[in-house]
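Overview (structure and organization)
Spelled out from the first residue to the last, the chains are:
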Amino acid sequence: VNAKLYRKSTNGTSHFSYFPFFFIAKCVDISLSSCTDVTYTQTMYPNFLDQKSREVIEYSSEYILISVLHNLLQGECNPDLRLLGCSVLAPQCEKDKVIKPCRHVCENLKKNCLSAFDAIDMAWPYFLDCDRFFAGEEEGCFDPLAKLRGEIVVEEDLPSDLPATFIQFKHHSYSQMVSTLKKTASKCSHIATTYSIGRSFEGKDLFVIEFSTKPGHHELLKPEFKYIGNMHGNEVVGKELLIYLAQYLCSEYLLGNPRIQTLINNTRIHLLPSLNPDGYELAAEEGAGYNGWVIGRQTAQNLDLNRNFPDLTSEAYRRAGIRGARLDHIPIPQSYWWGKVAPETKAVMKWMRSIPFVLSASLHGGELVVTYPYDYSRHPMEEKEFSPTPDEKMFKMLAKAYADAHPVISDRSEHRCGGNFVKRGGIINGAEWYSFTGGMADFNYLHTNCFEVTVEVGCEKFPLEEELFTIWHENRDALLNYMEMVHRGIKGIVSDKFGNPIKNARISVRGIQHDITTAADGDYWRLLPPGTYVITAQAMGYTKVMKRVTLPTKMKRAGRVDFVLRPIEIWPSKLLRRPMEDMYDQYDPLELFDPHAQHAQAQGGSQQVREKPWWWSYFSSLGLHKPLWLLKQH
């Protein structure tokens, strides 16, 4: 409401009259560059902070904060925080009425993200006060994160008389994929759960569905298995296969299928259908039938995820000629972090470290063949050179387990997709096919205990929907057969004489220059083909124990081989000097890497008390309007 005084003159006497003017606020289009991807199109001024125009908002400390939060928090909790901030700075407007964002969304985000602010010594922003600027559902609020989380899904109601194992053979959008995985986990809640390993560059959760008799927990001596699909966004078949596989495992377990029940009862299975959901969206815009090699392959940052992992293969080749050097659990070099590392890559590497995976496969498209490490040639200038790992026999056995169970790959006809590999049995050493560095399979083998192969599931990267049913039936048994290979070789527990588990004990196989280590509970799994082996278990401060083991050809379950280690009373001097490759810095670049903090320390030289934190420079242009409310001491 505005008012104005008007002077009137009557009979020479002046007096003033008061006339009010009413300005009705109306919905206007959102024109803030950091808020263009919200789920609504119109807002209203003034906003909840009484900022009366777009220009005022754009020059405010609140708006600058939501624009730079992604960088300040290293991508954590974003774009969630930015979208939540936009719902306050540019609230949703419908029919000239402002709608408040939901309080429970704010509360959940604060609960999950407050630690990220604490980590950089920043206070929770006042304008994200969940009580002050947000509303309860009974008041008619809106969820600013619903679309991002894949919760807005419009699906056709399916007939109630469908068979128990019913799969819709269609392409799933991101939101449809999330919905399907959550519904599947809900249907089989006693053996399944969903979780996220992190976020894509554009903020989409990297969803995993897990199957186990104790979902969410590692069980002693139960091996961990993973499938990863859609690493290249335009190679979509792997993504769909894993969505179908999740539904199949759930339904068949409930129906009492003995093969599926045995598999889930004895294995912890993790399915990550889409590692590159941002790239998938770009490819999907081209539509099914698109078979290009460029659009959608890379991430939103224009990174090829299968070239983005640390090159540990070159280091393995360097060590191979050194007597006693280890070709396993090679640390990530510090120089790797100087380059551009995708959040998707970081998320997968942290996932690999958090769970003691034994076996894995990554599903790709564009050919029909199974490849195995190494993917990088021993001689870098050689584009096609056979470059085996120390576990060449085991990798060939794993690759053949998938290929032989696939009716097309095992077909002897050369006039078909994948026909070039018929004489090789449908498998090939990766570097012998074509050499590249920074691949995920090599990283799995050289940094963790996990063996991984790459499955090229078809020549069409984005097939038509009517082809998906056939593709599923061609791959179903191969997917199951490969998972069952996680039970080959030996497994056991390494403990001391009191029965206490020994973590990070080394399990060595004579003649194979590649060790694996025990998990937190002292359990281990060592994939091995049939044969006779001398197995050694050793740990710092304990004596070595050796055992001879024979694995029969027809044995399809891991043999149990436990070790009890006794402490060394007087350590030999050579054991007091730990080899450099065994020593991991207390500063873990994958878990703690923070380029802003390092930069601040480098410039500061010695430890000094700073009046303001390192991120204060982001607001240097604001003069007297700097956000003192972000300072904890303030």
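Residues numbered from 1 in each chain as written. Predicted model: local features only at pLDDT ≥ 70, side-chain atom pairs only at ≥ 80, totals over all residues. Heavy atoms only, no water.

- The protein is annotated in an unreviewed UniProt entry as Carboxypeptidase Z of Callipepla squamata.
- Regarding the protein, the UniProt comment filed under Subcellular location (unreviewed entry) reads as follows: "Secreted, Extracellular space, Extracellular matrix".
- Quoted verbatim from the Cofactor (unreviewed entry) heading of the UniProt record, the comment on the protein is "Zn(2+)". (UniProt positions renumbered as here; feature names shortened; annotations may be inferred.)

1. Description of the packing of helix α6 (residues 237–255) against helix α7 (residues 258–266)
- Contact geometry for α6 and α7: axes closest at 8 Å, N-to-C directions at 110°. The pairing of α6 with α7 is recorded here as roughly perpendicular in orientation. Every residue of α7 that contacts α6 at Tyr248, Leu249, Glu252 and Tyr253 is listed here: Ile260, Gln261, Ile264 and Asn265.
- The class makeup of the residues in the contact of α6 with α7 is 5 nonpolar, 2 polar and 1 charged. (Axes fitted to C-alpha atoms, helices over the stretch in contact; angles between N-to-C directions. Helix = DSSP H or I, 4+ residues; strand = E, 2+ residues; numbered from the N terminus. Parallel < 35°, antiparallel > 145°, perpendicular 65-115°, else oblique. Contact = heavy atoms within 4.5 Å. Nonpolar A, V, L, I, M, F, W, Y, C, P; charged D, E, K, R; others polar.)

2. Focus on the sheet that holds strand β20 (residues 545–551)
- A sheet is described by the order of its strands in space; here 4 strands give the open sequence β17-β16-β19-β20, paired in antiparallel fashion. What marks the edges here is a single partner per strand, and that holds for β17 (512–517) and β20. With direction set aside, neighbouring strand axes in the sheet form an average angle of 25°.
- Here strand β16 (residues 506–509) pairs with β17 via 3 bridges, running antiparallel. Bridging across to β17, Arg506 finds its partner in Thr517. (Pairing = 2+ DSSP bridges.)

3. Topic: the pattern of salt bridges
- Across all of its chains, the model carries 29 salt bridges by this definition.
- Of the charged contacts in the structure, one is a salt bridge between Arg103 and Asp131, with a shortest N-O distance of 3.9 Å. With Arg103 in helix α4 (residues 103–119) and Asp131 in the loop between α4 and α5 (174–187), this residue pair connects regions lying 28 residues apart in the sequence.
- In this structure, Lys400 and Asp404 form a salt bridge, with 3.5 Å as the shortest nitrogen-oxygen distance. Taken together, the positions of Lys400 and Asp404, both in helix α11 (residues 392–404) and 4 residues apart, correspond to about one turn of that helix. (Salt bridge = Lys/Arg side-chain N within 4 Å of Asp/Glu carboxyl O.)

4. A look at the state of the cysteines
- Tallied over the entire structure, the rule returns 7 disulfides.
- The disulfide that involves Cys27 links it to Cys93, with 1.9 Å between the sulfurs. Around the S-S axis, the bridge from Cys27 to Cys93 shows a dihedral of about -75° and counts as left-handed. Of this pair, Cys27 sits in the loop between β2 (13–21) and β3 (28–29) while Cys93 is found in strand β5 (residues 92–94), placing the two residues 66 residues apart along the sequence. Across the pair, Cys93 and Cys27 agree in class, each one buried.
- Cys188 shares a disulfide with Cys250; S-S distance 1.9 Å. On the S-S bond that ties Cys188 to Cys250, the torsion sits near 90°, and the link is right-handed. Residue Cys188 is found in the loop between α5 and β7 (192–199), and its partner Cys250 is found in helix α6; the two are separated by 62 residues along the sequence. The pair Cys188 / Cys250 is uniform in exposure class, with both members buried. (Disulfide = S-S within 2.5 Å. Buried < 20%, exposed > 50% of the residue type's maximum accessible area, 1.4 Å probe, protein only.)

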